[in-house]
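# Chains, contacts and geometry: an overview
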Amino acid sequence: MSLIKPVPPERLPELLRRIPKAELHIHIEGSLEPEMIFKLAQRNGVTIPYASVEDLRKAYAFTNLQSFLDIYYAGASVLLKEQDFYDMAWAYLEKAALDNVIRAEIFFDPQTHTARGVSMETVVKGLSRACKEAKAGLGVDAELILCFLRHLSEQEAFETLEAALPFRDHFIGVGLDSSEVGHPPEKFAKVFAKCKELGFRLVAHAGEEGPPEYIWSALDVLKVERIDHGVQSTRDAALMQRLAKDRIPLTVCPLSNQKLKVFPDLKDHSLRKPLDAGLCAMINSDDPAYFGGYMNDNWQATFTALGLDASHAVQLAKNSFEASFCDAAMKRKYADRVSSVVESFH
Ligand code: ADE
Ligand code: ZN
């Protein structure tokens, strides 16, 4: 039986807004709103093949992951200067603060920018400055995670790592993203082994569109500590047991899964299965500017579609801090903040 006092349905949205959360799956390039794409295009003299903000927004009708990635990489082409990266990150952090996100572990894709001649220093310093200022300025404790693009080679991932190492104090971990099917985790075995040796925290997208086998190999070959998405895990009972036994977090992104047709109807989303099995799953926004909402939009839509209640809210919020890469004392402090917000809510 739940120990959380029930909250009447009409007050649940308010609780969801107020509860403190960690966001662990947000691609900063996916927070670039159409308005900012146009503003930066103008500021930097970059031409984009859309006549207006509305015209660009209309193109956000995705059929699968690849159809989204093509537009997402094109949108990122307006980012050239350190200030552009700062402005993008700050805009996200302001929205995160309004949603009571108090810890954010933010992905960035340096290869999307270095391939266009933007230096690693420009990318990392712009993002990192926004993260540093967010603590005092917005009450958001933000860190960066560098992602390798899995449609590119492992050699290119190694070159990216080498270019990033002079800035290693600016990011806490590495991840793996982009086109999943056909690019299994084991393609990056050596570079992840090197990153582990260097002391980076490790995560990888697996089981978004790809099969449960990719989740097994992300765990057993790459040795990641969290699985990004992982929604295909529910197709494999042995894998669910493994995720439970090792308490491997799943950073689930419901509106993303809906927009990319993983679960075209949010009512069919598999999130209840890991939650009912007591796994460490939580809700995140992935690419909020493209998928129809930030953290609280994801929470509200998912609670409505799946009929979740206040006890799920506490479970999801506590899971988010447990799964974060903060130290044990901070995790306890954050979990206490969740409890005190819920207690004072009544
Ligand atoms: N890059 C940005 N968003 C992504 C997603 N949902 N899956 C894989 N790579 C991504
Ligand atoms: Zn993602």
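Below you will find a few notes about this structure. Note that the structure is a prediction, hence the values are computed from the model and not measured.

## Some thoughts on the overall build of the chain
Scanning the chain from N- to C-terminus turns up 17 helices and eight strands. Summarising its shape, the C-alpha atoms of the chain cover approximately 55 × 40 × 40 Å along the three principal directions. Burial analysis of the chain (346 residues in total) assigns 57% to the buried set. Here the analysis covers contacts within the chain between residues at least 6 apart in sequence; of these, 77% occur between residues at least 24 apart.

## Describing the site of ligand 1
Every residue lining ligand 1 is accounted for by His27, Leu65, Phe68, Leu69, Tyr72, Asp177, Ser178, His205, Glu208, His229, Asp286 and Asp287. At a separation of 2.7 Å, a nitrogen atom of ligand 1 approaches a polar side-chain atom of Asp286. When the free accessible area of ligand 1 is taken as 260 Å², the share hidden by the protein chains comes to 100%. Looking at which element gives the most residues to the shell around ligand 1, the answer is helix α4 (residues 65-75), with four residues. Classifying every residue of the shell around ligand 1 gives four nonpolar, four polar and four charged.

## Quick notes on the coordination of the zinc ion (ligand 2)
For the zinc ion (ligand 2), the protein coordination sphere consists of His25 (NE2), His27 (NE2), His205 (NE2) and Asp286 (OD), at 2.0 to 2.3 Å. Within one chain, the residues serving as donors to the zinc ion (ligand 2) are arranged as H-x1-H-x177-H-x80-D. Here the residue His205 occupies a position in strand β5 (residues 201-206), and Asp286 occupies one in the loop between β8 (281-283) and α14 (288-291), the gap between them amounting to 81 residues. Taking relative accessible area as the criterion, His205 reaches 4% and is therefore assigned buried.

## Some details on the pattern of salt bridges
Counting across every chain of the model gives 17 salt bridges. A salt bridge links Glu14 to Arg11, with the shortest nitrogen-to-oxygen separation between them at 3.6 Å. On the accessibility criterion, Glu14 (25% relative accessible area) is partly exposed. What makes Arg11 partly exposed here is its relative accessible area of 29%. Among the salt bridges present, the one from Glu197 reaches Lys194, with a minimum N-O distance of 3.4 Å.

## So, the side chain of Ser217
Position of Ser217 among the secondary structure elements: in helix α10 (residues 212-220). Setting aside anything within four residues of it in sequence, one finds Ser217 in contact with Pro185, Glu186 and Leu222.

## Concerning the sheet that holds strand β3 (residues 141-149)
Judged by pairing direction, the sheet is parallel, and its eight strands sit side by side in the order β1-β2-β3-β4-β5-β6-β7-β8 without closing on themselves. Of all strands in the sheet, those bounded by a partner on one side alone are β1 (21-27) and β8. Across the sheet, the mean angle from the axis of one strand to that of its neighbour is 25°, orientation sign disregarded. Looking at chain direction, strand β4 (residues 173-177) and β5 are connected through two bridges and run parallel. From the neighbouring strand, Val174 faces β5, where its bridge partner is Leu202. Against the sheet, helix α16 (residues 310-323) engages β1, β2 (101-108), β6 (226-229) and β8, with an angle of about 105° to β8.

## A look at the packing of helix α8 (residues 154-164) against helix α9 (residues 189-197)
Relative placement of two packed helices is described by the angle separating their axes and the distance separating the axes. Viewed as axis vectors pointing N to C, α8 and α9 meet at an angle of 25°, and their least axial separation amounts to 8 Å. With respect to α9, the element α8 is oriented roughly parallel. Contact residues: Glu154, Ala157, Phe158 and Leu161 in α8; Ala189, Lys190, Val191, Lys194 and Cys195 in α9. The residue inventory of the contact of α8 with α9, partitioned by class, reads six nonpolar, no polar and three charged.

## What about the packing of aromatic side chains?
Overall, the coordinates contain 15 aromatic pairs when judged by the stated rule. Taking 5.0 Å as the distance between ring centres and 40° as the angle between the ring planes, the aromatic pair formed by Phe68 and Tyr72 counts as tilted. A residue pair is termed a helical-turn pair when its members lie 3 or 4 positions apart in one helix, as Phe68 and Tyr72 do in helix α4 at four residues. Residue Phe68 is classed as buried on the basis of its relative accessible area, which comes to 2%. Measuring from centroid to centroid gives 6.0 Å for Tyr86 and Trp90, while their planes differ by 5°, and the two rings are stacked. In this pair, Tyr86 and Trp90 are both assigned in helix α5 (residues 82-98), four residues apart and thus about one turn of the helix distant. Aromatic ring contacts, followed pair by pair, group Tyr60, Phe62, Phe68, Tyr72, Tyr73, Tyr290 and Phe291 into a single cluster. The residue whose ring lies beneath Lys21 is Trp299, and the NZ or CZ to ring-centre distance is 5.3 Å. The ring of Tyr86 has Arg129 lying over it, and the distance from NZ or CZ to the ring centre is 4.2 Å.

Rules behind the numbers
- Residues numbered from 1 in each chain as written.
- Chains lettered and ligands numbered in written order.
- Predicted model: local features only at pLDDT ≥ 70, side-chain atom pairs only at ≥ 80, totals over all residues.
- Heavy atoms only, no water.
- Helix = DSSP H or I, 4+ residues; strand = E, 2+ residues; numbered from the N terminus.
- Buried < 20%, exposed > 50% of the residue type's maximum accessible area, 1.4 Å probe, protein only.
- Contact = heavy atoms within 4.5 Å.
- Near = heavy atom within 4 Å.
- Polar contact = N/O pair within 3.5 Å; in protein donor to acceptor, adjacent residues only side chain to side chain.
- Areas by Shrake-Rupley, 256 points an atom, 1.4 Å probe, with all protein chains shown as cover.
- Nonpolar A, V, L, I, M, F, W, Y, C, P; charged D, E, K, R; others polar.
- Donors = N, O, S within 2.8 Å, 3.2 Å for Na, K, Ca; no water.
- Salt bridge = Lys/Arg side-chain N within 4 Å of Asp/Glu carboxyl O.
- Pairing = 2+ DSSP bridges.
- Axes fitted to C-alpha atoms, helices over the stretch in contact; angles between N-to-C directions.
- Parallel < 35°, antiparallel > 145°, perpendicular 65-115°, else oblique.
- Phe/Tyr/Trp six-rings, centres within 6.5 Å; stacked < 30°, edge-to-face > 60°.
- Lys NZ or Arg CZ within 6 Å of the ring centre and 35° of its normal.

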